[in-house]
Amino acid sequence: MKKQHKINRRTFLGNSAKIAAAGIIFNKLNATTKKHTPWDGEIKVALVGCGGRGTGAAIQAIAADQDVRLVAIADVFEDQAERCLEALVEKYGNSEQLLVNKETIFIGFNGFKNAIDMADVVILATPPGFRPQHFSYAVENNKHVFMEKPVATDIIGIKKVIAAGKLAVKNKLNVVVGLQRHYQRSYRNVKKLIDRGSIGRIISGQVYWNGAGVWVRPRTPQQTELEYQMRNWYYFNWLCGDHIVEQHIHNIDVANWFIGATPISAQGMGGRQIRNGKDHGQIFDHHFVEFTYPKGQVISSQCRHQPGCMNRVDEVFQGSQGKVHVHSANYGLIQSHRGRKLYFHEGENDVNPYQQEHNELFAAIKKGEYLFKDFNRGVNSTLTAIMGRMATYSGKIISMEDALLSNLDIVPNNLTSFEDTAPITPDKNGSYPIPIPGVTKFI
Amino acid sequence: MDKFLLLIFISILFSQIETFDRSEFVKYDESLIGTDFSFTMTPVDGNKFKMGSPESERRRRTDEGPIHTVILSDYWISTLEISWDLYETFLLRNQDSILANNQSYIIDIDAISGATMPYVNYNQPGYPVINITQYAASQFCKWLTAKTGHYYRLPTEAEWEYACRAGSEKAYSFGKASKSIKSFAWYKNNSEGKLHKGGLKKPNALGIYDMHGNAAEWVIDHYNPQGYSNTDNEQVNPVQFGEKLYPRVVRGGSFKDGPARLRSAARGYSKELWKRRDPQSPKSLWWHTDAIHIGFRIVRPRIIPNKNDLEKYWIKPIKEY
């Protein structure tokens, strides 16, 4: 690499300037608090992406406000849409809130447009590779959005989301991103206390998503290559982004949030040692990344998908005057370095954050308030995770600037049917190209 | 059905009715063939016992009464709560082709549903598996049956209480609530809010560990808030199968509870809230998100029921949206 990546103020400012020049704005835009007109009548909602998470999000949207009407659902897979409807009918079969019917179930690669067209608010919950396209379409058509994390799998996708985000701000469209820890009391309280200086300045931290892994959907004989990849999407980067992006983003996002910045560079290692079969596509089963932040803070990030090993999913930070431990089971502990308890969160009866994010979104929409620009953190945290992936795949130090200027583009934007060519193809043995540190340039 | 076929069917059925397990009725280690794992089963002699607590018992709740007599047949119960590492042999299932010889009960191991990987877990070796659904606990028993040829299942509530009491009619197996609770149980006052490794405290008179505290434990029974008011006396091997997913009984209290919830007769029950942070719909059949205090142990009845009854003891999955 031709550049040195010293962490000092000058490099940081230099990078910031270049990043700004590339059209990226990290600053939070101030929320407008001008007069607003309350929503009148029903709020029509469409779901795009009918998997388990999308179905869950649709249920939460319905539960958020009695004026919500789920009017349409869209998916590329008919069976998936059917299962989704089955769940919705089971839960809300007799409710006037469920208005999906045969004519408003849209199957196919462009079904999302029909569904979005019918709605005021859209839920975007397909595999993340499609998010930039769907988010852009939703915002261009003036819809409020709830979208799942991550918001992209490549840099071109990130830039699309940034562009659409600007339009959302202009048109005052509320956008909530499913980084639900931001809607969880334990995390919010701990963040407040950190901002008030309860542990001084954060110096370092460790964030983890070490688990056994997720489902595999093996190839079936009648599938085209594209259908196979979209069914077994977790294992293909253009769809999933690897688990460091798809799952570990939650923990990386907490680091960004608590520190209040986005890292300037990443370096790390990773590979696939256990999960390396034919139905495991191209992703790694472990990544370890050091993220360096503008003021020199270093976050170690571990994510592993290997069964039988130690599992932990949580975040730990060391500050100049104390330490913090948080995890998603409503757990939050702040201590002095000597172990004195400064704050312990009693969260047994806290509201479910997956519900809370919808409650707040729909409350804002109903009051006519413009409160949510979550795409900012969605973009920053997705980009951070992608930068980490680039570091583990390449074995090099990757700066934020490197990541952005790569213009990595792995998602086709004109798919119309399962007969289309998949963006990645297996070799004659059925294996996919796998990133090799030291050899792979960027993925 | 053809009469001849019916006859064959009946004769097969009869051949499987109430098979008496001819194994010696002693403590034994069950090895999981193809793995390094084994677990210990302790024999519990069947007998009459008084189930429930007297109104005079301190901090007793009404669902624990009235006291009634129950008759139980012989069974073995696992000396420890089922541990993460033991449960992982079922999660991974990479030795399913290796089965025990001379199986006294045979089922097709390939027909048993595989569990999904836990969303978040705390899988330290030797620590009880937790956040587990009753169905997932029960499927482990079914798999264990296929693997070992011995019929395993969750305990009934009566079997659990009898094994917990180990002959004591007082509030705890070790007598009344007293200073000694801390030597027998991990509970609110000594757990530091955490689960602990199995078997570190004193066992009860039968040699069984952690019945009081650490992880609360699944039993088969549906929970009835009215207690035992409609329960007949002197029932033999009673069990309350439930059609609904909630509430079902958990016993023994956990590391989170104060002493009162650890009493031998105290009854806990499952709640929908235990899956509230599951982001998917349908929700997981296998894992809770907010039940890090719930685990299980297993029993092996000495008399194997007939095939139809036997399947009932392995809980059916119920979808939850």
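Provided above is the structure to which this section pertains.
Asker: Residue-level account of the overall build of chain A, with values.
Answerer: Across its full length, chain A holds 13 helices and 15 strands. Whereas a compact globule of 443 residues would reach a radius of gyration of roughly 22 Å, chain A reaches 21 Å, a difference of no more than 12%. Across its three principal directions, the C-alpha atoms of chain A cover 60 × 60 × 45 Å. Every one of the 443 residues in chain A was classed for burial, and the buried ones make up 58%.

Asker: I'd like a rundown of the interface of chain A and chain B, residues and numbers included.
Answerer: Interfaces are often described in size by the accessible area the parts lose on coming together. Tallying the contact residues gives 29 residues for chain A and 17 residues for chain B. When the two sides are added together, the surface that chain A and chain B hide from each other amounts to roughly 2,000 Å², 49% of it contributed by carbon and sulfur. Considering only the surface of chain A that becomes buried against chain B, A:N311, A:E348 and A:Y354 emerge as the three largest contributors, covering 21% of it. Put simply, chain A and chain B have two salt bridges between them. For A:E86, the salt bridge goes to B:K319, with nearest N and O atoms at 3.8 Å. Joining chain A to chain B, the criterion identifies 10 residue pairs in polar contact (both at pLDDT 80 or more).

Asker: Go over the packing of helix α6 (residues 155-170) of chain A against helix α12 (residues 375-394) of chain A, please, and point to the residues and values.
Answerer: All names here are of chain A. At a minimum axis separation of 10 Å, α6 and α12 run at an interaxial angle of 170°. One finds that α6 runs roughly antiparallel with respect to α12. The segment α6 lies against α12, with I155, I158, V161, I162, G165, A168 and V169 engaging F375, V379, T382, L383, I386 and M390. Its residues assigned to classes, the contact of α6 with α12 shows 11 nonpolar, two polar and no charged.

Asker: Account for the pattern of salt bridges, with residues named and values stated.
Answerer: Summed over the entire model, instances satisfying the criterion amount to 36 salt bridges over all chains. Here A:E315 makes a salt bridge to A:R181, at a shortest N to O gap of 3.6 Å. In this pair, A:E315 sits in strand β11 (residues 312-319) while A:R181 sits in the loop between β6 (175-177) and α7 (185-195), placing the two residues 134 residues apart along the sequence. Take A:E315 and A:R181: they sit in the same class, and that class is buried. Taking the shortest distance from any N to any O, the salt bridge between B:R302 and B:D74 comes out at 2.9 Å. Of this pair, B:R302 sits in the loop between β12 (299-301) and β13 (303-304) while B:D74 is found in the loop between β5 (68-71) and β6 (75-78), placing the two residues 228 residues apart along the sequence. With relative accessibility at 17%, the residue B:R302 sits in the buried group. Note on B:D74: relative accessible area 22%, which makes it partly exposed. Each member of the salt-bridge network shares a partner with another, and the members are B:E157, B:E161, B:R165, B:R251 and B:R267.

Asker: Explain the sheet that holds strand β13 (residues 331-335) of chain A to me, and be specific about the residues and the numbers.
Answerer: All names here are of chain A. Within the open sheet, the nine strands sit side by side as β14-β13-β12-β11-β7-β10-β9-β8-β15. Their pairing is mixed. Across the chains shown, the open sheet's two edge strands, defined by having one partner strand only, are β14 (341-344) and β15 (398-399). Against the sheet, helix α10 (residues 249-259) makes contact with β7 (202-211), β9 (286-292), β10 (298-305), β11 and β12 (323-327), and its axis sits at roughly 165° relative to β7, the strand it touches most. Across the face of the sheet, α12 comes into contact with β8 (265-271), β9 and β15 while running at roughly 55° to β8.

Asker: Can you lay out empty space enclosed by the protein for me, pointing to particular residues and giving the numbers?
Answerer: Residues and elements named next belong to chain B. The final tally for this structure, using the stated rule, is six cavities of 30 Å³ or more. Its volume calculated, the second largest cavity comes out at about 140 Å³. T133, Q134, Y135, L245 and K275 are the residues nearest the centre of the second largest cavity, which is lined by 15 residues in total. Residue composition of the lining of the second largest cavity, grouped by class: eight nonpolar, four polar and three charged.

Asker: Got a sec to walk through the state of the cysteines? Specific residues and values, please.
Answerer: Residues and elements named next belong to chain A. Going through the model one piece at a time under the given rule, you end up with zero disulfides over all chains. For C50, which is in no disulfide, the shortest distance to another cysteine sulfur is to C84 and amounts to 4.1 Å. There is no disulfide at C240, and the cysteine sulfur nearest it, in C303, is 11 Å away. On the accessibility criterion, C240 (0% relative accessible area) is buried.

Asker: Tell me about the sheet that holds strand β11 (residues 294-295) of chain B, and please be specific about residues and values.
Answerer: Residues and elements named next belong to chain B. An order of β10-β9-β7-β11 is seen for the four strands of this open sheet, with the pairing classed as mixed. Strands at the two margins of the open sheet, each flanked by one partner only, are β10 (267-269) and β11. Sheet topology places strand β7 (residues 216-222) next to β11; two bridges connect them, and they run parallel. Paired with E217 across the two strands is G295, which belongs to β11.

Asker: Break down the pairing of strand β5 (residues 144-147) of chain A for me, citing the residues and quoting the values.
Answerer: Residues and elements named next belong to chain A. Residues H144 and F146 point to one face of β5 and V145 and M147 to the other, with burial holding for every one of them. Here three bridges tie β5 to β6, and the two strands are oriented parallel to one another. Across the sheet, residue F146 finds its bridge partner in β6, namely V176. You can see the chain leave β5, run along α6 and come back into β6, and the turn it takes is right-handed.

Asker: Give a detailed account of α12(A), specifying residues and quantitative values.
Answerer: In this model, α12(A) (20 residues) spans 28 Å end to end at C-alpha, consistent with the 28 Å of a helix rising 1.5 Å per residue. Among the 20 residues of α12(A), 19 are classified as buried, and the element is accordingly described as predominantly covered.

Asker: I'd like a description of the packing of aromatic side chains, backed by residues and values.
Answerer: Per the counting criterion, the structure on display carries 40 aromatic pairs over all chains. Ring centres of A:Y228 and A:F236 lie 5.9 Å apart, and the angle between their planes is 80°; on these two criteria the pair is classed as edge-to-face. Note on accessibility: A:Y228 and A:F236 belong to one class, buried. Measuring from ring centre to ring centre gives 5.2 Å for B:Y87 and B:F140, while their planes differ by 35°; the resulting arrangement is tilted. In this pair, B:Y87 is assigned in helix α2 (residues 84-92) and B:F140 in helix α3 (residues 134-148), connecting sequence segments 53 residues apart.

Asker: Summarise the nonpolar core; cite the residues concerned and give the values.
Answerer: Ranked by internal contacts, the top residues of the largest apolar core, which has 93 residues, are A:F135, A:M147, A:M230, A:W238, A:F258, A:F317 and A:V324. If you tally residues by element for this core, the top one is α12(A), at eight residues. B:I107, B:F140, B:Y152 and B:A215 belong to the second-largest nonpolar core, a separate cluster that totals 51 residues.

Asker: I'd love a proper account of the environment of A:Q355, names of residues and values included.
Answerer: All names here are of chain A. Along the chain, Q355 turns up in helix α11 (residues 353-367). Using a relative accessible area of 16% as the deciding quantity, one classes Q355 as buried. Along the sequence, Q355 and Q60 sit 295 residues apart, while their C-alpha atoms lie 5.5 Å from each other. The contacts of Q355, once residues within four sequence positions are left out, are Q60, A63 and A64. One polar contact links the side chain of Q355 to the main-chain carbonyl oxygen of Q60, over a distance of 3.0 Å.

Asker: Kindly report on unusual backbone geometry, identifying the contributing residues and their values.
Answerer: A negative phi angle is the norm for most residues apart from glycine, just as the trans form is the norm for most peptide bonds. Residue and element names in this part refer to chain B. P66 follows G65 through a cis peptide bond whose omega is -5°. Secondary-structure assignment places P66 in the loop between β4 (48-51) and β5. Residue P282 follows S281 across a cis peptide bond; omega there is -5°. Topologically, P282 is positioned in the loop between β10 and β11. One non-glycine residue, D210, lies in the positive phi region at around 60°. In this fold, D210 is placed in the loop between α5 (181-184) and β7. Take D210: its relative accessible area is 2%, and that puts it in the buried class.

Rules and cut-offs
Residues numbered from 1 in each chain as written. Chains lettered and ligands numbered in written order. Predicted model: local features only at pLDDT ≥ 70, side-chain atom pairs only at ≥ 80, totals over all residues. Heavy atoms only, no water. Helix = DSSP H or I, 4+ residues; strand = E, 2+ residues; numbered from the N terminus. Rg over C-alpha atoms; globule rule 2.2 N^0.38 Å. Buried < 20%, exposed > 50% of the residue type's maximum accessible area, 1.4 Å probe, protein only. Contact = heavy atoms within 4.5 Å. Buried area = accessible area lost by both parts, 1.4 Å probe. Salt bridge = Lys/Arg side-chain N within 4 Å of Asp/Glu carboxyl O. Polar contact = N/O pair within 3.5 Å; in protein donor to acceptor, adjacent residues only side chain to side chain. Axes fitted to C-alpha atoms, helices over the stretch in contact; angles between N-to-C directions. Parallel < 35°, antiparallel > 145°, perpendicular 65-115°, else oblique. Nonpolar A, V, L, I, M, F, W, Y, C, P; charged D, E, K, R; others polar. Pairing = 2+ DSSP bridges. 1 Å grid on protein atoms, 1.4 Å probe; cavity = no way out; pocket = protein on both sides within 12 Å on 5 of 7 lines; lining within 4 Å. Points joined across faces, edges and corners; volume = space filled by probe spheres on them. Disulfide = S-S within 2.5 Å. Right-handed = clockwise from strand over helix to strand, strands pointing away. Expected span 1.5 Å × (residues − 1). Phe/Tyr/Trp six-rings, centres within 6.5 Å; stacked < 30°, edge-to-face > 60°. Core = buried A, V, L, I, M, F, W, Y, C linked by side-chain atoms within 4.5 Å.

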